[in-house]
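# Coordinate inspection notes
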Amino acid sequence: MARRQWSSSGGVAFAAVLAVMSVLCSGHPVPGGHGGGGGFTPLQPRFYEHSCPQMQAIVGGIVAKAHAEDPRMAASLLRMHFHDCFVQGCDASVLLDADGSGRFSTEKRSNPNKDSLRGFEVIDEIKAALEHACPHVVSCADIVAVAARDSVVLTGGPGWEVPMGRRDSLTASLSGSNNLIPAPNDSLPTIISKFANQGLDVVDLVALSGGHTIGDSRCVSFRQRLYGQNNNGQVDRTLNPAYAAELRGRCPRSGGDQNLFALDPATQFRFDNQYYHNILAMNGLLSSDEILLTRGRQTMELVHRFAADQGFFFEQFAKSMVKMGNISPLTGQAGEIRKNCRRVNHF
């Protein structure tokens, strides 16, 4: 495989990933050893220690290069892991294209993913490099999980040991992607229920929502907050009027659906706890962000705690990411190790 020249910023970013990995691979116990279904999952951080010892270095290098070339990529890879795990578990089903046989429809065409989920070419590049180094060993599901962790580290967030040993699914679920992933206009009880269905509690919900400290959202995802649910021109009363006026400048009543807005305009490309400060100032971009403050006592208290203590947020975010990564993985002889992340092996 041809080696591409790294930019200097990519080399620095990769060095940061390697520094964190040296700490993470110290053999400490991994929290959250049970998946969403409650059964034990034999995932472990050193799964590839002998079969592909360079696995994490290869993933980290390519993620760092992608991040240096496109600072939005970190948020995209983090979001990809989330959208994968909430549908059929963390099994790389989100990466599959349609198989041509009609057995399943790709999740890439679902409402949460269409025209917004990105980063597939980065996963492809990682997979190609790993197939060259360790043929038919590393799963696409594990690549997605490690890439998400490295993306958080590269943007200044916490690191964590990624338990590995997932295998790849043979199917995808378009209906699951449409119905199981929390939507920006869902009510708080609906979002809590969708998290609970995956074995994730309210603390996990508020902590993982903090991933919105990086990344963007499309105008179509929050337009109703600017013009009313019935397009009556009324601004959502939980949205700062000055912020709403600013947003209206590039998110009109009609058109501009794909216009992008930073979820955290204050520190758009830095992983920190500014997201929670934004919510407290009524500057949460999505309805699903602001309702954490306005619709539930427990979620409100967590917003205040995470805003007051970034270290506490980082610690809980890492724990919740490990817990999410343990949702119903395929292990043992289940599923397969794909040679190409976009299709199952027999196609």
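Residues numbered from 1 in each chain as written. Predicted model: local features only at pLDDT ≥ 70, side-chain atom pairs only at ≥ 80, totals over all residues. Heavy atoms only, no water.

## Observations regarding helix α8 (residues 202–209)
Stated precisely, the cut-off is as follows: We call a residue buried when its accessible area falls under 20% of the maximum for its residue type, exposed when it is over 50%, and partly exposed in between, using a 1.4 Å probe and counting protein chains only. By the criteria applied, helices consist of DSSP H or I runs no shorter than four residues and strands consist of E runs no shorter than two, each listed in order from the N terminus. In what follows, residue pairs with any heavy atoms lying within 4.5 Å of each other are defined as contacts. Within 3.5 Å is the distance limit for a polar contact, defined as a pair of N or O atoms, with the added protein rule that one can donate a hydrogen and the other accept it, and that residues adjacent in sequence qualify only through two side-chain atoms.
In terms of burial, α8 is a largely internal element, seven of the eight residues being buried. Among the residues of α8, Val-202, Asp-204, Leu-205, Val-206, Ala-207, Leu-208 and Ser-209 are the ones counted as buried. Buried positions along α8 lie against α7 (188–196), α11 (274–280), α12 (287–294), α13 (297–308) and α14 (310–325). Measuring from the backbone nitrogen of Val-203 back to the side-chain oxygen at the start of α8 gives 3.1 Å, which picks out Asp-201 as the cap.

## Notes on the packing of helix α3 (residues 73–85) against α14
Worth spelling out the cut-off: Here an angle of 0 to 180 degrees is reported between the N-to-C directions of two axes, which are lines fitted to C-alpha atoms, with helices fitted over the stretch in contact. Note on angle classes: values under 35 degrees are labelled roughly parallel, values over 145 roughly antiparallel, values of 65 to 115 roughly perpendicular, and the remainder oblique. In this count, Pro and Cys sit with the nonpolar residues alongside Ala, Val, Leu, Ile, Met, Phe, Trp and Tyr, while Asp, Glu, Lys and Arg are called charged and the others, Gly among them, polar.
Where α3 contacts α14, the two axes come as close as 10 Å, and the packing angle between them is 45°. Judged by the angle between their axes, α3 and α14 are oblique. In contact with Leu-78, His-81, Phe-82 and Cys-85 of α3, α14 contributes Phe-317, Met-321, Met-324 and Gly-325. Here the residues of the contact of α3 with α14 sort into six nonpolar, two polar and no charged.

## Some points on the UniProt feature "active site" (unreviewed entry) in the protein chain
Selection rule: UniProt positions are given in the numbering used here, feature names are shortened, and annotations may be inferred rather than shown by experiment.
Listed under "active site" (unreviewed entry) in the UniProt record, and renumbered for this structure, are His-83. Structurally, the position occupied by His-83 is in helix α3. Not counting chain neighbours up to four residues away, the residues in contact with His-83 comprise Pro-112, Asn-113, Leu-117 and Ile-181.

## Let's talk about the side chain of Ser-287
Summarising the element assignment, Ser-287 is placed in helix α12. Apart from the residues within four sequence positions on either side, Ser-287 is in contact with Pro-184, Asn-185, Gln-224 and Arg-225.

## Focus: the packing of aromatic side chains
Each aromatic ring pair is characterised by the separation of its centres together with the angle its planes make. The condition is simple: Paired rings are identified among Phe, Tyr and Trp, the last through its six-membered ring, by centres lying within 6.5 Å, and are further divided according to the angle between planes into stacked (under 30 degrees), edge-to-face (over 60) and tilted (the rest). Only Lys NZ and Arg CZ are tested; either one counts as a charge over a ring when it is within 6 Å of the ring centre and within 35 degrees of the ring normal.
One pass over the full model with this rule turns up 16 aromatic pairs. An angle of 70° between the planes, with centres 6.1 Å apart, marks the rings of Trp-160 and Phe-317 as edge-to-face. Taken together, the residues span a long stretch of sequence, with Trp-160 in the loop between α5 (140–154) and α6 (174–180) and Phe-317 in helix α14 at a distance of 157 residues. A residue is classified by how much of its surface remains accessible, and Trp-160, at 7% relative accessible area, is buried. Connected via pairs of aromatic rings, a cluster forms that spans Trp-160, Phe-271, Tyr-275, Tyr-276, Phe-306, Phe-312, Phe-313, Phe-314 and Phe-317. Over the aromatic face of Phe-120 sits the side chain of Lys-108, whose NZ or CZ is 4.3 Å from the ring centroid. When the ring centre of Phe-261 is taken as reference, the NZ or CZ atom of Arg-250 above it lies at 4.1 Å.

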